[in-house]
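Per-entry structural report
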Amino acid sequence: MASTPIVAIATAPGRGAVGIVRVSGPDLAIVIEALCGHSVRAREASYLQFLDGQGGAIDRGLAIHFPAPNSFTGEEVLELQAHGGPVVLQLLLARCLEAGQPIGLRVARPGEFTERAFLNGKIDLAQAEAIADLIDASTEAAARSAVRSLSGAFSLEIARLREALIHLRMLVEATLDFPEEEIDFLHKADAQGQLERLQQVLATVMVRARQGALLREGIQVVIAGQPNAGKSSLLNALAGVELAIVTPVPGTTRDVVRQTIQIEGVPLHVIDTAGLRESDDAVEQIGIARAWEQIAHADAVLFLHDLTRAADTEYIAADAAILKALTEKLTKSAPVIDVWNKVDATPADAPAPAGGLKLSAKTGAGLRALRQRLLELAGWQSGTEGVFMARERHVHALERVRAHLQQAQHQLQAQALDLLAEELRLAQNALNEITGEFSPDDLLGEIFSRFCIGK
């Protein structure tokens, strides 16, 4: 696919040992000649001077030329690897634009190199998204899952589902030409068995996709409760570092404090909030309002209680009022975990509240049980093999496939073959959205706009 040539700095901003300027387009001979002084051998690293407009040296480095279609984008690609100083790379970028004026060379949009790789059939849409996910991976498990998706593991599963679905569609639609024999024909071809096996394979793929989406997105956990319950201490204990200020003074935390931690490779975005209470302090009121904003968008809430005040009726009444407000503001799917802190400061024979987790943010006692509880809430299944990176849109598409297959089963049992064929068609369209065989342009624009420039 012919397109306007593009260029961008392909390494992160700032100083580094090596920086890369990447050019892609249908015919880059004029740019290669201008920057390198002569043509360079295909797919070989040539060490040479990069020349400015007067023939002087901008820098010395490596030039690599990838002729089309054997390149990342499927177009002709030139990579200039220079010293990683910001000024040097900007000079190389400016020189490329100057030399490429006759062919309309321009600066690339975010994600445009990867978008061209997709449009030119070098990768599918799921693999393209995996590139961004690999760059953004916050845990080792997430990075490994992204690599599996980038290598095509997820796409292969989708392709197998699509192949089985197409085979069943062909079978059903062929019978529509023979109405007097259609039901018997489908029975002999075991259409019911094929549909059931398709649903079983889909269920397995959905489990792995949900796990991959969890590795990518993580969950947002808000720590809430009255002042001095130990919320900031708990955040520090979970993070393993002193992030939040801890003092005996009620209302010390005035703003939201965030930290991403990982448990068995799953990212959890933990948010410490201001103590929930009535206050005349204008600054504290703002902090409390922000706390409720975070709670409203939480995937789970750790409702922290002070175990040393478990027998204080006034304290318990205030906790009950907070719980009522939590119930009103949270979505039905967001659970509230009761956590009783300061077990280290409580006599061993003191009566303990029923239910909830008991721990000490100070000593670390009970933290392991809390971490495991958070994993359970997230839906993580330890030991899941071959997890591939997936996004929420992939999971939603697979859920639509499942819904259409369930409807298809009903239509098959009702012998409504026209409706059966339509449900199977819709299921295939939902599958195609994952890998990009059927994707609206606005979806592609949204996906690639989130990439970094040069990628």
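Residues numbered from 1 in each chain as written. Predicted model: local features only at pLDDT ≥ 70, side-chain atom pairs only at ≥ 80, totals over all residues. Heavy atoms only, no water.

What follows is about the confidence of the model for the protein. Scored by pLDDT, the protein comes out at a mean of 84, with 89% of its residues at no less than 70. Confidence scores differ between elements of the protein, with helix H7 (residues 182-188) showing the lowest mean pLDDT of 66 and strand S1 (residues 6-9) the highest of 96. Note on residues 249-254: pLDDT is under 50 here. Beyond four places in sequence and across chains, it has 19 contacts. (pLDDT = per-residue confidence, 0-100. Helix = DSSP H or I, 4+ residues; strand = E, 2+ residues; numbered from the N terminus. Contact = heavy atoms within 4.5 Å.)

In a pair of packed helices, the angle between the axes and the distance between the axes together describe the arrangement. Look at helix H6 (residues 153-175) against helix H8 (residues 191-217): their axes get within 10 Å of each other, and the N-to-C directions meet at 160 degrees. In terms of orientation, H6 and H8 fall into the roughly antiparallel class. The two elements H6 and H8 cross, and the hand of that crossing is left-handed. Judged by residue contacts, Phe154, Glu157, Leu161, Ala164, Leu165, His167, Leu168 and Leu171 of H6 engage Ala191, Gln194, Leu195, Leu198, Val201, Leu202, Val205 and Arg208 from H8. In the contact of H6 with H8, the residues fall into 12 nonpolar, two polar and two charged. (Axes fitted to C-alpha atoms, helices over the stretch in contact; angles between N-to-C directions. Parallel < 35°, antiparallel > 145°, perpendicular 65-115°, else oblique. Left-handed = near helix turned anticlockwise from the far one by under 90°. Nonpolar A, V, L, I, M, F, W, Y, C, P; charged D, E, K, R; others polar.)

Turning our attention to the packing of aromatic side chains. Each aromatic ring pair is characterised by the separation of its centres together with the angle its planes make. In the structure shown here, the tally under the stated rule is one aromatic pair. When the centroid spacing of 4.6 Å and the interplanar angle of 25 degrees are considered together, the rings of Phe154 and Phe388 count as stacked. Pair noted here: Phe154 is in helix H6 and Phe388 is in the loop between helix H12 (367-378) and helix H13 (392-413), with a separation of 234 residues, a long-range link. With respect to class, Phe154 is no different from Phe388; both count as buried. One residue, Arg22, lies across the ring of Phe113, its end atom 5.6 Å from the ring centre. (Phe/Tyr/Trp six-rings, centres within 6.5 Å; stacked < 30°, edge-to-face > 60°. Buried < 20%, exposed > 50% of the residue type's maximum accessible area, 1.4 Å probe, protein only. Lys NZ or Arg CZ within 6 Å of the ring centre and 35° of its normal.)

Our next topic: the sheet that holds strand S10 (residues 300-306). Hydrogen bonding along the main chain pairs the strands of a sheet, whether they run parallel or antiparallel. The strand order across the open sheet formed by six strands is S8-S9-S7-S10-S11-S12, and the pairing between neighbours is mixed. Of all the strands in the sheet, the pair left with one neighbour each is strand S8 (257-263) and strand S12 (357-358). Here S8 runs beside strand S9 (residues 266-272); their pairing, made up of seven bridges, is antiparallel. Opposite Arg258, over in S9, you have Ile271 as the bridge partner. Where H8 meets the sheet, its contacts fall on strand S7 (219-225) and S9, and the angle it forms with S9 comes to roughly 45 degrees. Sitting on the sheet, helix H11 (residues 313-329) is in contact with S7, S10 and strand S11 (336-341), with an inclination near 175 degrees to S10. (Pairing = 2+ DSSP bridges.)

Scanning all chains against the criterion turns up 22 salt bridges. One salt bridge connects Glu112 with Arg116, and the closest N-O pair in it is separated by 3.3 Å. You can see Glu112 and its partner Arg116 sitting in helix H3 (residues 112-119), four residues apart, about one turn around the helix. The same class applies to Glu112 and to Arg116, which are both buried. In this structure, Arg391 and Asp133 form a salt bridge, with 2.9 Å as the shortest nitrogen-oxygen distance. In this pair, Arg391 is assigned in the loop between H12 and H13 and Asp133 in helix H4 (residues 125-136), connecting sequence segments 258 residues apart. A residue is classified by how much of its surface remains accessible, and Arg391, at 9% relative accessible area, is buried. Here Asp133 falls in the buried class, since its relative accessible area comes to 5%. (Salt bridge = Lys/Arg side-chain N within 4 Å of Asp/Glu carboxyl O.)

What follows deals with the pairing of S1. Neither face of S1 is open: one carries Ile6 and Ala8, the other Val7 and Ile9, and all of them are buried. Relative to strand S2 (residues 16-25), S1 runs antiparallel, the two sharing four bridges. Looking at the pairing, Val7 lines up with Val23 of S2. By the bridge criterion, two bridges tie S1 to strand S6 (residues 106-107) in an arrangement that is parallel. Bridging from a neighbouring strand, Val7 pairs with Val107 of S6.

A few words on H6. Its 23 residues give H6 an end-to-end C-alpha distance of 34 Å, which sits within 8% of 33 Å, the value for a rise of 1.5 Å per residue. Residues of H6 that are buried: Phe154, Ser155, Glu157, Ile158, Leu161, Arg162, Leu165, Leu168, Arg169, Leu171, Val172 and Thr175. (Expected span 1.5 Å × (residues − 1).)

With that settled, the discussion passes to the environment of Val395. Topologically, Val395 is positioned in helix H13. Accessibility expressed as a relative area gives 7% for Val395, which makes it buried. Here the alpha-carbon distance between Val395 and Val207, two residues 188 residues apart in the chain, equals 9.4 Å. Leave out the neighbours within four places in its chain, and Val395 touches Ala209, Arg210 and Ala213.

As for its position among the elements, Ser360 is in the loop between S12 and H12. Contact partners of Ser360, with chain neighbours within four places excluded, come to Asn341, Lys342, Val343, Asp344 and Ala365.

A separate point is unusual backbone geometry. In this structure, the amide linkage connecting Ala68 to the following residue, Pro69, adopts the cis form with an omega of 0 degrees. A positive phi is found at Asn228, a non-glycine position, where the angle reads about 65 degrees. Structurally, Asn228 can be placed in the loop between S7 and helix H9 (231-239). For Asn228, a relative accessible area of 30% gives the class partly exposed. Despite not being glycine, Gln415 has its phi angle at roughly 60 degrees, a positive value. Inspection of the secondary structure puts Gln415 in the loop between H13 and helix H14 (417-435). With a relative accessible area of 49%, Gln415 lands in the partly exposed category.

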